[in-house]
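Residue-level structural notes
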Amino acid sequence: MTKPAIFLFATGTLLSLLGIFILYESSTYFALLSVGDKYYFFKNQLVWFAIGIAGCILAAKINYKNYYKFALPLLILSLFLLLLVFLPGIGLELKGAHRWINLGFMTVQPSEILKITLTVYLAAWLSEKESGRLLAFLMLIGASVILVLLEPDMGTAFIIGATATAVYFLSGAPFRDLIFIFLLILVAGAGLIRLEPYRAERLLAFQNFNEKDIGSASYHVKQILVALGSGGITGLGFGNSIQKYAYLPESTTDSIFSIFAEEAGFIGAALLVSLFIVLAFLGFMISAAAPDLFGRLLAAGLITFISIQAFVNMASQVVLIPLTGVPLPFISYGGSSLVINLISVGILLNIASIKK
């Protein structure tokens, strides 16, 4: 195993273990209040971590070139699973969102699976030297994004679209295509914000906050700022968060970074951000050294969706961008996300192991 691969595995594992620790710190009160077991989220995440590590090791042993011939069936399967979330009795509705499939003994989030399968398909398709692919690309991404938006999950839809665009760009697409896609994203984003009042409210709150009118910020943003301000430079100390006691919404998922920043302070938060930067750097190193174009595009796509999601989550938690409901990779509570991220690391390990 190459040095970048060793460090990548170590960084991914460290982030996952750190996530389990942060989850324990942030979830005990909510878990005790909601299910009567303060270790509920902690124990579930441990199980998912074990499954994810097993998936990572298995993926590291499978030659990534085998995915090429299964790219289309895997994509079709994941799109079919996305449709199942809307089927009564199979799809699970939570807080008005249809994002999960209930298997009885566990729940699965198909949009997380789509991140890998779409990346595999795009890497396989775009590694073939063809011309005039823009329309077909837009139709494929449009169908995928629309299914995710219907759940609704605009944050994940953005990550999928951005990752797909990055892979398209790295395949050697003309610059004019990228300009057109960028303009299309702007128009579509504006339209989606107008369609849903809560999205417009989030954007307005963000704009008002930037005008120093903190009083007009949303409750969620105010509680994030309280958490960040309370943490200061060195933090309140692990276990001493105040915001986790039902003040900060989504403290185990979307807002877990704010809880960590409150307890570990700016220093701890900066170290966590640094781990994600190291992970991204190692992933792109593996992509650059891949033996063929398929491997380069696949590795770049996998590390891109992890990196974009990490950036979007943390940037929204420090109010650099409007608040967006996406989990922090490896850190937030959620089995599907953790397993998919670790499997992605495994595929990257395999790509790094194949010599030119």
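See the structure shown above.
Residue indices begin from 1 for each chain and proceed along its sequence in written order. Only residues with pLDDT of at least 70 get local features here, since the model is predicted, and only at 80 or more are side-chain atom pairs given and counted; chain-wide, interface and lining totals rely on the full set of residues. To get the side-chain values, take all heavy atoms of the structure and skip hydrogens and water.

1. Let's talk about the layout of surface pockets
Put simply, the test is: Site definitions follow a grid-based scheme: protein atoms alone, a 1 Å grid, a 1.4 Å probe that fits but cannot get out for cavities, and for pockets an open set with protein on both sides within 12 Å along at least five of seven lines, plus lining residues having an atom within 4 Å of a point. Grid points are joined across faces, edges and corners, and a volume is the space filled by probe spheres set on the points. Secondary structure elements are defined from DSSP: runs of H or I of at least 4 residues count as helices, runs of E of at least 2 residues count as strands, and each element is numbered from the N terminus. Polar here means any residue outside two lists: the nonpolar Ala, Val, Leu, Ile, Met, Phe, Trp, Tyr, Cys and Pro, and the charged Asp, Glu, Lys and Arg; Gly therefore counts as polar.
Taken as a whole, the second largest pocket encloses approximately 510 Å³ of empty space. I113, I116, T117, I340 and I343 are the residues nearest the centre of the second largest pocket, which is lined by 23 residues in total. At the level of elements, α2 (40-61), α3 (66-84), α4 (110-126) and α12 (335-353) are the ones that each hand at least two residues to the lining of the second largest pocket. Here the lining of the second largest pocket gets seven residues from one element, more than from any other, and that element is α3. Taken together, the residues of the lining of the second largest pocket break down into 17 nonpolar, five polar and one charged.

2. With respect to the pairing of strand β2 (residues 97-102)
Heads up, the condition is: One requirement defines pairing of two strands: DSSP has to find at least two bridges between them.
Strand direction decides the pairing type here: strand β1 (residues 91-94) and β2, joined by four bridges, are antiparallel. Across the sheet, the residue bridging to L92 is W100, located in β2. Here β1 folds back onto β2, and the loop between the two strands holds two residues, one of which, K95, carries a positive phi near 55 degrees. As paired strands, β2 and strand β3 (residues 107-108) are joined by two bridges and run antiparallel to one another. Note on β3: the bridge partner recorded for N102 is T107. Hairpin connection of β2 to β3: four residues between the antiparallel strands, including G104 at a positive phi of 95 degrees.

3. Some remarks on the packing of α2 against α12
For clarity, the cut-off: Lines fitted to the C-alpha atoms define the axes, with helices restricted to the stretch that makes contact. Angles between their N-to-C directions range from 0 to 180 degrees. With respect to orientation, any angle under 35 degrees is reported as roughly parallel, any angle over 145 as roughly antiparallel, any angle of 65 to 115 as roughly perpendicular, and every other angle as oblique. Should the near helix be turned counterclockwise from the far one by less than a right angle, the crossing is left-handed, whereas a clockwise turn marks it as right-handed. Note on definitions: a residue-residue contact is assigned when non-hydrogen atoms from the two residues lie within 4.5 Å.
Two elements in contact, α2 and α12, have axes whose closest approach is 7 Å; the angle formed by their N-to-C orientations is 25 degrees. By the angle between their directions, the pair α2 and α12 is classed as roughly parallel. Note on packing geometry: the crossing formed by α2 with α12 is right-handed. Residue-level contacts link Q45, W48, F49, I51, G52, I53, G55, C56, A59, A60 and K61 of α2 to G335, L338, V339, L342, I343, V345, G346, I347, L349 and N350 of α12. Tallied by class, residues from the contact of α2 with α12 come to 14 nonpolar, six polar and one charged.

4. Comments concerning the packing of aromatic side chains
This is how it is decided: A pair of aromatic rings is counted whenever rings of Phe, Tyr or Trp (Trp by its six-membered ring) have centres within 6.5 Å, and the orientation is called stacked for planes under 30 degrees apart, edge-to-face for over 60 and tilted otherwise. Under the scheme applied here, a residue whose accessible area is under 20% of the maximum for its type counts as buried, over 50% as exposed, and between as partly exposed, the area being computed with a 1.4 Å probe on protein chains only.
Applying the stated rule across the entire model yields 12 aromatic pairs. On the basis of an interplanar angle of 5 degrees and a centroid distance of 6.0 Å, the ring pair of Y24 and Y39 is categorised as stacked. Pair noted here: Y24 is in helix α1 (residues 3-35) and Y39 is in the loop between α1 and α2, with a separation of 15 residues, a long-range link. Look at Y39 and you get partly exposed, because its relative accessible area is 34%.

5. Observations regarding empty space enclosed by the protein
Inspection of every chain in the model, using the stated rule, returns three cavities of 30 Å³ or more. Of the volumes computed, that of the largest cavity is approximately 50 Å³. Together, L114, K115, L118, T119, I159, I160, T163, A164 and F305 line the largest cavity. Breaking the lining of the largest cavity down by element, the ones donating at least two residues are α4 and α6 (154-170).

6. Quick look at unusual backbone geometry
A cis geometry characterises the amide bond from E151 onward to P152, with omega recorded as -5 degrees. In this structure, P152 sits in the loop between α5 (134-149) and α6. With a phi close to 60 degrees, V319 is a non-glycine residue in the positive phi region. Tracing the backbone shows V319 in the loop between α11 (293-317) and α12. Positive phi, normally seen in glycine, also occurs at F330, with a value near 70 degrees. Residue placement: F330 occurs in the loop between α11 and α12. Judged by its relative accessible area of 2%, F330 is buried.

7. Notes on the sheet that holds β3
Reading across the sheet, the three strands line up as β1-β2-β3 and stay open at both edges, with antiparallel pairing between neighbours. Across the chains shown, the open sheet's two edge strands, defined by having one partner strand only, are β1 and β3.

8. Some words on α3
Using the following cut-off: For a helix, the expected span equals 1.5 Å multiplied by the number of residues minus one. The bend reported for a residue corresponds to the angle between axes fitted to the seven residues ending at that residue and the seven starting there.
If you check α3, its first and last C-alpha atoms are 27 Å apart, about what 19 residues at 1.5 Å a residue would give, namely 27 Å. At L72, α3 shows its maximal kink, close to 45 degrees; a proline, P73, follows between one and four residues later. Taken residue by residue, α3 has Y67, A71, L75, S78, L79, L81, L82 and L84 as its buried positions.

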